[in-house]
Amino acid sequence: MLIGQDPNRWKRFMVSFVLFLIVAGMVMSNSMILQVLDSVFQALLAPNPNHTPNATYHIMVVVSFLGSPKMALVWMLIITFFLWGFKYKVPALWAWLTLIVGDLLDEIVKYLAKRDRPLQHPTGDHGYSFPSGHVMGTFLVAAVLFLIVVPLIKNAAVRVVCQLLLIMAVFLVAVSRIYLYAHYPFDTVGAMLLAYAWLQISETLYLTFANDIKRRWRKTANSKL
């Protein structure tokens, strides 16, 4: 299987989920410590509160667009199209499940936390701020590529380069959301923690049900796992 057994998966889930709960609790309680940390990191990463249209601003707008939840659906559609075409049908279904449920979790937590966006946020951004949907979606798309697509590359050096680029993509989307004042820094941290925790569960579900889906559903009978 592309996703293998890992006895440490539940440990990673517990660590990431507990850290997420801590951050979420601080957000929901309006923790002064979190507000100070957000202010410090925002001052470092978002030096353009007036949205002056310089080169960096335009780059961040493009990065933010490419990492938007709608674009995450487009990227996943492309990924699953090729996975299905190359007979990785069950992994393609798993990839969609991972993203869709992840987006749903993001919306549920947003509703529960009810954190307002920064005052300088762009007018096009609506809804609550914690956690960042852009970062959540980008993280899960990158994770699918990291776990399912990159291992299919035979050249080890190319695999490493692709892995580094995926990590950089998630980081850049997070920075772009902070730079544009669309989110506080810990909104992006919370999104990464939640996405990583959900990913551990999603991987476990794949290992549990992949063979059954392949065996019981005629369209996936010839699927590679």
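Every value quoted in this text rests on a predicted model; they were computed, and no experiment measured them.

Glancing now at the UniProt feature "transmembrane region" (unreviewed entry) in the protein. What UniProt calls "transmembrane region" (unreviewed entry) maps, in this numbering, to residues 12–37, 57–86, 93–113, 133–153, 160–182 and 188–209. Note that residues 133–153 is 81% helix and 0% strand, and that its end C-alpha atoms are spaced 29 Å apart. For residues 160–182, the end-to-end C-alpha separation is 31 Å, with 87% helix and 0% strand making up the annotated structure.

Close contact between helix α1 (residues 9–28) and helix α8 (residues 185–216) brings their axes to 9 Å; oriented N to C, the two are set at 150 degrees. As summarised for this structure, α1 and α8 are arranged roughly antiparallel, according to the angle between their axes. The handedness of the crossing between α1 and α8 comes out as left-handed. Only Phe-186, Gly-190, Leu-193, Leu-194, Tyr-196, Ala-197, Gln-200, Ile-201, Glu-203, Thr-204 and Leu-207 of α8 make contact with α1, whose side of the interface consists of Arg-9, Trp-10, Arg-12, Phe-13, Ser-16, Phe-17, Leu-19, Phe-20 and Val-23. Considering only residue class, the contact of α1 with α8 consists of 13 nonpolar, 4 polar and 3 charged.

This part takes up helix α7 (residues 156–179). With 24 residues, α7 should cover 34 Å at 1.5 Å per step; its first-to-last C-alpha distance of 34 Å lies within 8% of that length. Every buried residue of α7 is listed here: Leu-166, Val-170, Val-173, Ala-174, Val-175, Ser-176, Arg-177, Ile-178 and Tyr-179. Capping the start of α7, Asn-155 holds a side-chain oxygen 2.9 Å from the backbone nitrogen of Ala-157, two or three residues further along. Two residues or fewer after α7 comes Tyr-181, characterised by a positive phi angle close to 60 degrees.

On inspection of all chains with the given rule, the structure shows 6 salt bridges. Residue Asp-6 is joined to Arg-12 by a salt bridge in which the shortest nitrogen-to-oxygen separation is 2.9 Å. With a relative accessible area of 26%, Arg-12 lands in the partly exposed category. Of the charged contacts, one joins Asp-106 and Lys-110 as a salt bridge, the two residues approaching to 2.9 Å between their closest N and O atoms. Placement of the pair is Asp-106 and Lys-110 together in helix α5 (residues 89–113), with a separation of 4 residues, close to one helical turn. Under the relative-accessibility criterion, Asp-106 is labelled buried at 3%. With a relative accessible area of 7%, Lys-110 lands in the buried category. Through salt bridges with shared partners, a single network forms among Asp-38, Arg-115 and Asp-187.

Criteria and thresholds
Once a new chain begins, its residue numbering starts again from 1 and follows that chain's sequence as written. Residue-level local features of this predicted model are given only where pLDDT is at least 70; pairs of side-chain atoms are given and counted only at 80 or more, and the full residue set underlies all totals for whole chains, interfaces and linings. Excluded from the side-chain calculation are hydrogens and water; included are all heavy atoms of the structure. UniProt positions are given in the numbering used here, feature names are shortened, and annotations may be inferred rather than shown by experiment. Numbering of helices and strands runs from the N terminus, with a helix taken as a DSSP run of H or I at least four residues long and a strand as a DSSP run of E at least two residues long. To get an axis, a line is fitted to the C-alpha atoms, and for a helix only the part in contact is used. The angle between two axes follows their N-to-C directions and goes from 0 to 180 degrees. For classification purposes, angles smaller than 35 degrees are called roughly parallel, those larger than 145 roughly antiparallel, those between 65 and 115 roughly perpendicular, and all remaining angles oblique. Here is the rule for handedness: rotate from the far helix to the near one, and if that takes an anticlockwise turn smaller than a right angle the crossing is left-handed, while a clockwise turn gives right-handed. Residue contacts follow a heavy-atom distance rule, with two residues in contact if any of their heavy atoms lie within 4.5 Å. When residues are sorted by character, Ala, Val, Leu, Ile, Met, Phe, Trp, Tyr, Cys and Pro go into the nonpolar class, Asp, Glu, Lys and Arg into the charged class, and all the rest, Gly among them, into the polar class. The length a helix should cover is 1.5 Å for every residue beyond the first. Between buried and exposed lies partly exposed: a residue is buried under 20% and exposed over 50% of the maximum accessible area for its type, with that area taken using a 1.4 Å probe on protein chains only. Between N or O atoms, a polar contact is any pair within 3.5 Å; within protein, one atom must be a potential hydrogen donor and the other a potential acceptor, and residues adjacent in sequence are included only when both atoms are from side chains. Just to be clear on terms, a salt bridge is a Lys or Arg side-chain nitrogen sitting within 4 Å of an Asp or Glu carboxyl oxygen.

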